[in-house]
Amino acid sequence: MAIKMNNKSSMVVNIVLTLSLLLIISMTEGRLLGVNIFGQPKTVYCSKVLGVQNGDTCFDIAQSLNLTAKVFNSINPGINCTDLFIGQWICISGVVI
Ligand SMILES: *[C@@H]1O[C@H](CO)[C@@H](O)[C@H](O)[C@H]1NC(C)=O
Ligand SMILES: *[C@@H]1O[C@H](CO)[C@@H](O)[C@H](O)[C@H]1NC(C)=O
């Protein structure tokens, strides 16, 4: 009887943990994709930047980091990819909140 209760409550704990994990993941994904789930103005919090080098393009940089164009654009809202200059800082990792 006691074992059954323990199994049940640990199952409930597991379900709760799984659900909160899914919620965190979907919120993070939403932010990474630039989806404005809370209807607030978006702010980019960049955690990693990269200096543009000779010959770099937005596409090359995004591709070498496995970033989709959507993610790349959402963390680099002000960037003009046809007008990159050497030494320009590009955000390569961050969240949009
Ligand atoms: C990008 O993805 C490829 C293939 O999935 C993998 O081999 C490579 O290590 C990844 N690069 C980075 C920077 O995550
Ligand atoms: C980006 O730069 C190019 C070249 O200077 C310019 O023609 C274009 O209008 C710019 N685009 C934006 C969105 O500022």
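- The protein is annotated in an unreviewed UniProt entry as LysM domain-containing protein of Aquilegia coerulea.

### Some thoughts on the overall build of the protein
Now for step 1: When its secondary structure is counted, the protein shows three helices and two strands.
Now for step 2: Along its sequence from the N terminus, the protein presents helices and strands in the succession α-β-α-α-β.
Now for step 3: Looking at the 97 residues of the protein, the share that counts as buried comes to 20%.
Now for step 4: A fraction of 68% describes how many contacts in the protein between residues 6 or more apart in sequence connect residues 24 or more apart.
Now for step 5: When the accessible area of the protein is evaluated, it comes to approximately 7200 Å², of which 64% is carbon and sulfur surface.

### Quick notes on the site of ligand 2
Now for step 1: As a structural note, the neighbourhood of ligand 2 is formed by Asn80, Thr82 and Asp83.
Now for step 2: In the complex, the protein chains occlude 27% of the 360 Å² of accessible area that ligand 2 would expose alone.

### Observations regarding the nonpolar core
Now for step 1: Formed by 13 residues in total, the largest nonpolar core has its most connected members in Ile61, Leu67, Phe72, Ile75 and Ile90.
Now for step 2: Elements represented by at least two residues in this core include exactly helix H2 (58-64), helix H3 (69-75) and strand S2 (89-96).
Now for step 3: Here the element with the most residues in this core is S2; it accounts for four residues.
Now for step 4: Discounting residues that sit within four places of it in the chain, Phe72 has contacts with Cys58, Ile61, Ala62, Leu67, Cys81, Ile90 and Cys91.

### A closer look at the state of the cysteines
Now for step 1: For the structure shown, the criterion picks out two disulfides.
Now for step 2: Across the disulfide, Cys46 is cross-linked to Cys91 (sulfur-sulfur distance 2.1 Å). Note on the Cys46 and Cys91 pair: the S-S dihedral is about 115°, so by sign convention the disulfide is right-handed. Placement of the pair is Cys46 in strand S1 (residues 44-51) and Cys91 in strand S2, with a sequence separation of 45 residues.
Now for step 3: In this structure Cys46 comes out as partly exposed when scored by relative accessible area, which is 37%.

Thresholds, definitions, all that
- Residues numbered from 1 in each chain as written.
- Chains lettered and ligands numbered in written order.
- Predicted model: local features only at pLDDT ≥ 70, side-chain atom pairs only at ≥ 80, totals over all residues.
- Heavy atoms only, no water.
- Helix = DSSP H or I, 4+ residues; strand = E, 2+ residues; numbered from the N terminus.
- Buried < 20%, exposed > 50% of the residue type's maximum accessible area, 1.4 Å probe, protein only.
- Contact = heavy atoms within 4.5 Å.
- Areas by Shrake-Rupley, 256 points an atom, 1.4 Å probe, with all protein chains shown as cover.
- Near = heavy atom within 4 Å.
- Core = buried A, V, L, I, M, F, W, Y, C linked by side-chain atoms within 4.5 Å.
- Disulfide = S-S within 2.5 Å.

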